[in-house]
Amino acid sequence: MDFSIKPIDAKSAATGHKATKTACLIVGVFENKKLSAAAASLDGAGVIAAALKAGDISGKAGSTLLLRKPEGVAAERVLLVGLGEEAAEISEKAYSSAISAAARALSALGAADTVIALPAVKAQSVQWSVRTAVLAFRESIFRADGLKSKKDTTPAALKKIAFSVAQSDATAARNALAQAVAMANGVDLAKELGNLPANYCTPTHLANTAKQIAADYGMTAEILDKKQIQALKMGSFLSVAAGAIEPPKFIVLKHNGGKAKDAPVVLVGKGITFDTGGISLKPGLNMDEMKFDMSGAGSVLGTMRAIGEMKLKLNVIGVIPACENMPAGNATRPGDIVTSMSGQTIEILNTDAEGRLILCDALTYTERFKPAAVIDIATLTGACVTALGYHNSGLFTRHDDAHDALADELLAAGKESGDTAWRMPIGELYNDQLKSNFADMANIGGPAGGSITAACFLERFTKKYTWAHLDVAGTASRSGAAKGSTGRPVPLLTTFLINRAG
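Source: prediction; values computed, not measured. (Residues numbered from 1 in each chain as written. Predicted model: local features only at pLDDT ≥ 70, side-chain atom pairs only at ≥ 80, totals over all residues. Heavy atoms only, no water.)

Below, the discussion takes up the overall build of the chain. Regarding its fold elements, the chain presents 16 helices and 20 strands. By the compact-globule yardstick of 23 Å for 502 residues, the chain fits well, its C-alpha radius of gyration being 25 Å. Counting only residues that meet the buried cut, the chain has 55% of its 502 residues in that class. Sequence-distant contacts, at least 24 apart, represent 77% of the contacts inside the chain between residues at least 6 apart. For the chain, the exposed surface amounts to about 20,800 Å²; the carbon and sulfur share of it is 52%. Taking the average place of the 53 positive charges on the side chains of the chain and the average place of its 48 negative ones, the gap between the two points comes to 5 Å. (Helix = DSSP H or I, 4+ residues; strand = E, 2+ residues; numbered from the N terminus. Rg over C-alpha atoms; globule rule 2.2 N^0.38 Å. Buried < 20%, exposed > 50% of the residue type's maximum accessible area, 1.4 Å probe, protein only. Contact = heavy atoms within 4.5 Å. Areas by Shrake-Rupley, 256 points an atom, 1.4 Å probe, with all protein chains shown as cover. Lys, Arg positive; Asp, Glu negative; His and termini not counted. Charge placed at Lys NZ, Arg CZ, Asp CG, Glu CD.)

This is the structure:
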């Protein structure tokens, strides 16, 4: 799918859409029977106003109506999309609903190209509108049939999409378009990795993907094997990998887009390519979805691909501890005590709380980069799903000026990208739940506040830098009929990095 920008100067804005030759032209209408400026410019014969007055389209955000060859209009089709209540600038929610509805409607049509001519969005830039639309249309054509013997060979009819923008916004829109396409490519990579079963997406496969990204975008990739991990004394990470036949990998991917002296932002992704729970075995129902337990790693690789394609002027490092969590005679047992890379000892009360055990060593390793900020991303706890559902990722960080500023950056990036997060508490009161009679800490703190105590566990390994934790257990994948990876939080992370670089 090719995207482009179609500038329209102020003089021709009122009539330019009437002469636009395209298979489909998308314009907006409002709930109070009003037409957007673009829709009004097409309605010399009154067909659009009549359809709205008759109730053929309600004008509610996300409603649609297709008109074929309206009189006096050069476009073969006009797709009306509802924008909600009339306002000088439409809301983010209304625009997102309209674009998503348009993407669904066009996926069933034979239109080869389309032009989007929707009004500006309240409190957002043209860049935001372009990015939102690109992600929605790319989502509509994504297919997860790579391993099917009979793939969906029907070619997508829609091949070209142009955004109609004011001449004064054209340069900004083109820059935003390049970033949006790169972001969509990163989201697709995260989805593809997440959807692969564990017999395909092994730790080695993640490592090879990192190598390929490095080769494609001029990055450097370092892959540490088991002996090198042992030499680093990552006893916590290795305790999770102990029962697996697949060898663990520790992946370091560096994008040196900034100045050599600039401290990097480090993204640390949980890479459990399959999680049985280990000796603390999970129930069999829906265990197949534990292939998604590497979604943190997938989001890091997707984000690194996106910023590589953008040539983002920022130093960014992706760190991924990758392994399987399997039961075996040599697997770690509940009650075992291991020593982390930091030297702190951990009593493993439950081997199914394994994500924090691999992340803690990765977070200690990250100290060597003297980072500007570290964000770890993990499908860490079912408790986060209970707390926040499937809409917001959980954001955890310390409560001081530096960490509040980082949290604000991430929350703003989430809102801007539509990949939202919600800040959760963290602090000493919750740390009491991690006390152990036999080690420096236990790896679980009981059912109360489970996502918070998991974050508190990780926080103990991040004292030397500014850090945040994203629990994406409820947002990185879907269950049921729509089962599959969502590619989140690649949009949030990429937007955060774009804003940092900007």
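The next point concerns helix α15 (residues 450-459). Most of α15 sits inside the fold, with 10 of its 10 residues counted as buried. Buried residues of α15: Gly450, Ser451, Ile452, Thr453, Ala454, Ala455, Cys456, Phe457, Leu458 and Glu459, and no others.

Turning our eyes to something else, we now look at the sheet that holds strand β12 (residues 337-339). Whether parallel or antiparallel, the strands of a sheet pair through hydrogen bonds between backbone atoms. Read across the sheet, 3 strands follow the order β12-β13-β17 without closing on themselves; strand pairing throughout is mixed. Whereas interior strands pair on both sides, the edge strands pair on one side only; in this sheet they are β12 and β17 (441-442). Examined bridge by bridge, β12 and strand β13 (residues 345-347) share 3 bridges and lie antiparallel to one another. Counterpart to Val338 in the pairing with β13 is Ile346. (Pairing = 2+ DSSP bridges.)

To continue, consider the sheet that holds strand β5 (residues 113-117). The 6 strands are arranged β1-β6-β5-β2-β4-β3 in an open sheet whose pairing can be described as mixed. Taken across any chain shown, the strands that pair with only one partner, and hence form the sheet edges, are β1 (2-8) and β3 (64-68). Averaged over all pairs of adjacent strands, the angle between their axes in this sheet comes to 25°, without regard to strand direction. Where helix α5 (residues 126-141) meets the sheet, its contacts fall on β1, β2 (24-29), β5 and β6 (160-166), and the angle it forms with β6 comes to roughly 165°. (Axes fitted to C-alpha atoms, helices over the stretch in contact; angles between N-to-C directions.)

Turning next to the side chain of Glu347. Positionally, Glu347 belongs in strand β13. For Glu347, which is buried and forms no salt bridge, the nearest opposite charge comes from Arg460, at a distance of 11 Å. (Salt bridge = Lys/Arg side-chain N within 4 Å of Asp/Glu carboxyl O.)

Take the pattern of salt bridges next. Taken as a whole, this structure holds 18 salt bridges when the rule is applied. A salt bridge links Lys435 to Asp432; the shortest N-O distance between them is 3.9 Å. Note on Lys435: relative accessible area 64%, which makes it exposed. Residue Asp432 is classed as partly exposed on the basis of its relative accessible area, which comes to 43%. Salt bridges sharing common partners tie together Lys270, Asp293 and Glu354.

Let us now look at the state of the cysteines. Per the counting criterion, the structure on display carries 0 disulfides. Among the cysteines around Cys201, which has no disulfide bond, Cys323 carries the closest sulfur, lying 13 Å off. Not engaged in a disulfide, the cysteine Cys360 finds its nearest cysteine sulfur in Cys323; these two sulfurs lie 12 Å apart. Cys360 gets classed as buried once you look at its relative accessible area, which sits at 0%. (Disulfide = S-S within 2.5 Å.)

The next thing to look at is the environment of Pro70. Here Pro70 is to be found in the loop between β3 and β4 (77-82). Looking at Pro70, the relative accessible area reads 11%, which means it is buried. Distance in space between the C-alpha atoms of Pro70 and Gly44 is 9.4 Å, their sequence separation being 26 residues. Ignoring sequence-local partners within four residues, the contact set of Pro70 consists of Ala75 and Val78.

Moving on, we get to the environment of Ser91. As for its position among the elements, Ser91 is in the loop between β4 and α4 (92-107). Separated by 30 residues in the primary sequence, Ser91 and Ala61 have C-alpha atoms spaced 9.8 Å apart.

This part covers empty space enclosed by the protein. Here the structure, examined in full by the defined rule, presents 2 cavities of 30 Å³ or more. Of the volumes computed, that of the largest cavity is approximately 70 Å³. Residue lining of the largest cavity: 13 residues in total, with Ser239, Val240, Asn325, Thr332 and Thr351 positioned closest to the centre. Per-class residue counts for the lining of the largest cavity are 6 nonpolar, 6 polar and 1 charged. As a volume, the second largest cavity reaches approximately 40 Å³. Residue lining of the second largest cavity: Ala190, Gly194, Met294, Ser295, Gly298, Ser299, Ala476, Ser485, Gly487 and Arg488, and that is the complete set. Listing elements by their share of the lining of the second largest cavity, those giving two or more residues are α6 (170-195) and α10 (295-310). Tallied by class, the residues present in the lining of the second largest cavity amount to 3 nonpolar, 6 polar and 1 charged. (1 Å grid on protein atoms, 1.4 Å probe; cavity = no way out; pocket = protein on both sides within 12 Å on 5 of 7 lines; lining within 4 Å. Points joined across faces, edges and corners; volume = space filled by probe spheres on them. Nonpolar A, V, L, I, M, F, W, Y, C, P; charged D, E, K, R; others polar.)

End to end, α10 covers 22 Å across 16 residues, agreeing with the expected 22 Å (1.5 Å per residue, within 8%). Of all 16 residues in α10, 14 are buried, a share of seventy percent or more. One or two steps after α10, the chain reaches Lys311, where phi turns positive at roughly 55°. (Expected span 1.5 Å × (residues − 1).)

The next point concerns the packing of α6 against α10. The packing of two helices is summarised by the inter-axis angle and the distance between the axes. Interaxial distance between α6 and α10 falls to 8 Å at its minimum, and their mutual angle equals 155°. The orientation of α6 with respect to α10, classified from their angle, is roughly antiparallel. Both α6 and α10 take part in a crossing whose hand is right-handed. Where α6 approaches α10, its residues Gln179, Val181, Ala182, Met183, Asn185, Gly186, Leu189, Ala190 and Leu193 are matched on the opposing element by Gly298, Ser299, Leu301, Gly302, Arg305, Ala306, Glu309 and Met310. Tallied by class, the residues present in the contact of α6 with α10 amount to 9 nonpolar, 6 polar and 2 charged. (Parallel < 35°, antiparallel > 145°, perpendicular 65-115°, else oblique. Left-handed = near helix turned anticlockwise from the far one by under 90°.)

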